[in-house]
Amino acid sequence: MTETMILLGTSISIALIHTLIGVDHYIPFIALSKANNWAVKKTIIIVLLCGIGHVMGSVLLGFFGIALSAAVTSLVNIEDIRGVIATYVLIAFGLIYTIYGIRCAVKNKTHTHTGADGKTFFHSHAHDNTDHKHSPEKSKNKNNAFWGLFIFFVLGPCEPLIPLLMYPAATMDIFTLVLVTVSFSVFTISVMLVMTLIGLKGFQLLKTEKLEKYAHALAGSAILICGLSVLFLPI
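On a predicted model such as this, the values are computed, not experimentally measured, just so you know. Residue positions are given per chain, counted from 1 along the sequence in the order it is written. Thresholds applied to this predicted model are a pLDDT of at least 70 for local features of residues and 80 or more for the giving and counting of side-chain atom pairs; totals over whole chains, interfaces and linings are not thresholded and use all residues. Neither water nor hydrogens contribute to the side-chain values; these are computed over all heavy atoms in the structure.

(A) Looking closely at the overall build of the chain. Counting its secondary structure elements, the chain contains 8 helices and 2 strands. When its helices and strands are written in sequence order, the chain yields α-α-α-α-β-β-α-α-α-α. Counting across all 235 residues of the chain, residues that qualify as buried make up 43%. Surface accessibility of the chain: about 12800 Å² in total, with carbon and sulfur atoms responsible for 70%. The secondary structure listing takes helices from DSSP runs of H or I that are at least 4 residues long and strands from runs of E that are at least 2 residues long, numbered from the N terminus. Exposure classes here rest on a 1.4 Å probe applied to the protein chains alone. A residue is buried below 20% of its type maximum, exposed above 50%, and partly exposed in between. For accessible areas, the Shrake-Rupley method is used with a probe of radius 1.4 Å. Any residue's cover is judged against the shown protein chains and nothing else.

Below, the structure is given as structure tokens:
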């Protein structure tokens, strides 16, 4: 087995393990998709966009460092700083979203409606407003949820990529460097997507109608706990 094949296998293994044990790679998607009633197609697109943003930050930094012959320790330090910032962004996002969810649960009542197309969706509104109209259109809050996730994943580094894969590959040839980088990126994003879809499928098997009023609060709490876990646990 050639060194290239060994490094390729290592790249795939690290991508799988790194993403699986990193619950912050998929729990936020599951929580927000369920709370905001995102369609599966929309959820997939959001995961792909965030996943690409997640890996591209480290990929570009790695190629930039290799081109400048920068010491790997310098890039690792930059990645560590990015990781800390991203973790606090996730915690702040989870806390703010939890407060928003509690406010929705206290002031409004969340319920489901079935549209003419047969699709079921739920939303919140105060019932003292007799002129309200039901609409499945995405709201500002749903857009804010996406941007909160996207910013977190762009800031969040793929810690093993540069020191364990890109720099060793760079000592061989450009083909190996590109192959290892692409394989790590593809498998990382793929696992993010698969775990998200599995989580959503699991929710479909549970009866959560009584919890819909607290959907946003529960989603925010899940994200907050996820961020705290990343901060205090070695994941």
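(B) Fine view of the environment of Val 194. By the secondary structure assignment, Val 194 is in helix α7 (residues 174-204). When its relative accessible area of 47% is taken as the criterion, Val 194 is described as partly exposed. Separated by 150 residues in the primary sequence, Val 194 and Ile 44 place their C-alpha atoms 9.5 Å from one another.

(C) Examining a nonpolar patch on the surface more closely. A cluster of nonpolar residues, Leu 16, Ile 17, Leu 20, Ile 21, Ile 174, Phe 175, Val 178, Val 182, Val 186 and Phe 187, forms a patch on the protein surface that exposes about 880 Å² of accessible area. The set of elements that each furnish at least two residues to the nonpolar patch consists of α1 (3-21) and α7. Of note, Val 178 is situated in helix α7. Take Val 178: its relative accessible area is 39%, and that puts it in the partly exposed class. Only residues above 30% relative accessible area that lack a salt bridge enter a patch, with like-charged residues linked at up to 9 Å and the nonpolar side chains Val, Leu, Ile, Met, Phe, Trp and Tyr linked at up to 5 Å. We define a salt bridge as a side-chain nitrogen of Lys or Arg found within 4 Å of a carboxyl oxygen belonging to Asp or Glu.

(D) Expanded view of the packing of aromatic side chains. Pairing of aromatic side chains here covers Phe, Tyr and the six-membered ring of Trp, requires ring centres within 6.5 Å, and sorts the geometry by plane angle: under 30 degrees stacked, over 60 edge-to-face, intermediate tilted. Per the stated rule, a full pass over the model turns up 7 aromatic pairs. Each ring, one from Trp 147 and one from Phe 150, has its centre 5.8 Å from the other, and the planes form 90°; the classification is edge-to-face. In this pair, Trp 147 and Phe 150 are both assigned in helix α5 (residues 140-155), 3 residues apart and thus about one turn of the helix distant. Feature note: the residues Phe 29, Phe 152 and Phe 153 constitute an aromatic cluster, connected by ring pairs.

(E) The packing of helix α3 (residues 40-67) against helix α6 (residues 161-170), seen in detail. Between α3 and α6, whose axes approach to 10 Å, the crossing angle comes to 45°. By the angle between their directions, the pair α3 and α6 is classed as oblique. Like other packed secondary-structure pairs, α3 and α6 cross with a definite hand, here right-handed. Facing Ser 58, Val 59, Leu 61, Gly 62, Phe 63, Gly 65 and Ile 66 of α3, the residues of α6 in contact are Leu 161, Ile 162, Met 166, Tyr 167 and Ala 170. Here the residues of the contact of α3 with α6 sort into 9 nonpolar, 3 polar and no charged. For helices, the fitted axis covers only the stretch in contact; all axes are lines through C-alpha atoms, and the angles between them, taken along N-to-C directions, range from 0 to 180 degrees. If an angle is under 35 degrees, it is roughly parallel; if it is over 145, roughly antiparallel; if it lies from 65 to 115, roughly perpendicular; otherwise it is oblique. We call a crossing left-handed when the near helix sits turned anticlockwise from the far one by less than a right angle, and right-handed when that turn is clockwise. Any two residues whose heavy atoms approach within 4.5 Å at even a single point are treated as in contact. Classes in brief: Ala, Val, Leu, Ile, Met, Phe, Trp, Tyr, Cys and Pro nonpolar; Asp, Glu, Lys and Arg charged; the others, Gly included, polar.

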